[in-house]
Amino acid sequence: MDEFLQQINNLLEYSLTIFGEEITVKQIITFILILIAVFVSAGSLHRWCRRFFNRLRMSHKLQNRLLAMLLLIIIVVGIGLAFRISEINTGFLGRLFHYPLSQLFQPAQTPIETPGSEEEAPIQAPEDGDGLTLARLFYAFVIVFGVFILSKYLQWVIRRQVLQAFEIERHTQFILLRFIHFTLIIVGVLIALSAVGVSFRNLAVIFAGLSIGIGFGLQNIASNLISGFILIFEKPIKIGDLVEVTELGTFGRVGSINLRSTVIVALDEKEIIVPNTQLITETVHNLTHANNLFRLRIAVGVSYSSDVELVKKVLLEAAHAHPEVIKEPHTVMESVTAPFVRFVSFGESSLDFELFAWIPDSFQRFDIASDLHFMIWHKFKEYNITIPFPQRDVHLYPKE
């Protein structure tokens with residue numbers, strides 16, 4: 001038994017060298033146990049605070065933020081206590097952050113045999129300024145993240161304080177803000193690469209590798225990026241346009257145009273993400289490219305016994321009675337006229353008419369068309385105009 005306890009004690013006192021720092025197994029086990037106790041305590045405290053906040057009737061959003069901050073504080077304090085109680089010197093963390101990561105992928109050096117001795121060749125650690133380190137990766141991440149936050153704040157300030165004051169149209173605002181955003185991101189990435197230690201002379205090699213990747217596996221992404229630039233600068237569609245992609249059966253307003261995809265907000269407020277390539281190569285109906293006007297076409301059929309002049313009068317009355325229908329011809333656009341009726345054809349079971357009426361907002365075409373249907377139905381009831389059912393004559397020939 002004493003021998004077993006001695007073996008356990010020797011195991012606990014066994015030391016490991018981590019980045020030049022001697023750490024025993026006992027210290028590592030103590031550190032892990034303290035962390036487990038900290039996380040168990042944090043879970044219990046989290047549940048107690050949740051019940052306490054519910055009694056105070058705080059909103060769930062505020063509760064989640066406070067609990068997240070509390071959890072972060074407990075984790076940071078717990079890690080510090082674990083290092084302190086386990087008596088682990090934190091000096092190796094500095095060497096860890098500044099350790100060149102390229103050394104991890106180099107083969108271990110073998111002792112150099114000489115005729116006179118068998119001593120190992122000393123391993124020369126790279127200087128602190130050479131190679132890629134965790135510290136440099138962290139600095140690069142902070143730079144990119146900070147530039148991203150700065151770009152968002154700068155866009156918000158420019159939109160509120162400058163662009164809206166000059167009453168610049170929405171799509172032009174979008175282009176200017178996108179240009180500022182991409183410029184800042186590119187500058188931030190270049191600064192981050194410089195902080196990591198990437199030489200700009202090596203960027204040619206990186207771009208060569210990217211070109212090979214584009215040629216083999218990134219063709220769709222590259223085509224979407226190019227299509228995104230075409231949509232932004234050529235402006236076949238703009239922010240706020242009402243579009244209909246016939247092949248996809250998508251209808252809605254353009255919410256945003258990104259480099260890879262475009263967001264279309266449908267009538268039910270669902271966001272449909274469409275790749276930019278489809279908007280360039282496929283047929284897209286832009287209902288508001290030049291203006292927001294739209295012409296409704298209401299088709300209706302009446303019985304052959306109906307008075308066609310009365311039908312025309314009733315349809316025009318319904319159109320003129322709706323407040324959203326344009327009643328007078330446009331002074332500039334010749335195609336925009338007052339409501340009119342066409343006698344389309346003599347159908348199999350009905351006389352077919354079409355009512356044409358212009359409305360100022362194409363996004364309301366479904367609602368206004370529904371209103372006109374209701375009004376036409378009530379007026380047909382008022383004037384005793386019937387809408388016939390399909391009629392078929394069936395002839396029976398008895399067998400002899």
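Now for a description of the structure that goes with this document. (Residues numbered from 1 in each chain as written. Predicted model: local features only at pLDDT ≥ 70, side-chain atom pairs only at ≥ 80, totals over all residues. Heavy atoms only, no water.)

**Details of the packing of helix α2 (residues 25–55) against helix α3 (residues 60–85)**
Working step 1: The interhelical angle for the contact between α2 and α3, taken along N-to-C directions, is 160°, at an axis separation of 9 Å. Regarding the angle of α2 to α3, the classification is roughly antiparallel. The handedness of the crossing between α2 and α3 comes out as right-handed.
Working step 2: Along the lines of polarity and charge, the residues of the contact of α2 with α3 split into 19 nonpolar, five polar and one charged. (Axes fitted to C-alpha atoms, helices over the stretch in contact; angles between N-to-C directions. Helix = DSSP H or I, 4+ residues; strand = E, 2+ residues; numbered from the N terminus. Parallel < 35°, antiparallel > 145°, perpendicular 65-115°, else oblique. Left-handed = near helix turned anticlockwise from the far one by under 90°. Nonpolar A, V, L, I, M, F, W, Y, C, P; charged D, E, K, R; others polar.)

**A few points about the packing of aromatic side chains**
Working step 1: For the coordinates displayed, the defined rule picks out ten aromatic pairs.
Working step 2: For the pair Phe340 and Phe356, a centre-to-centre distance of 5.1 Å together with 15° between the ring planes defines the contact as stacked. Separated by 16 residues along the polypeptide, Phe340 in strand β9 (residues 340–346) and Phe356 in strand β10 (residues 351–359) bring together distant segments of the chain.
Working step 3: Centroid distance Phe343 to Phe346: 5.2 Å. Interplanar angle 50°. Geometry classified as tilted.
Working step 4: Looking at Phe343, the relative accessible area reads 38%, which means it is partly exposed.
Working step 5: Here the aromatic cluster, defined as three or more aromatic residues joined through ring pairs, consists of Trp48, Phe52 and Phe53. (Phe/Tyr/Trp six-rings, centres within 6.5 Å; stacked < 30°, edge-to-face > 60°. Buried < 20%, exposed > 50% of the residue type's maximum accessible area, 1.4 Å probe, protein only.)

**Digging into the sheet that holds β9**
Working step 1: Pairing in this open sheet of three strands is antiparallel, and the strands run β8-β10-β9 from one edge to the other. The open sheet is flanked by β8 (294–302) and β9, the only strands paired with a single partner. Taking each pair of neighbouring strands and ignoring which way they run, the sheet shows an average axis angle of 25°.
Working step 2: Bridging between β8 and β10 involves nine bridges; their strand directions are antiparallel. (Pairing = 2+ DSSP bridges.)

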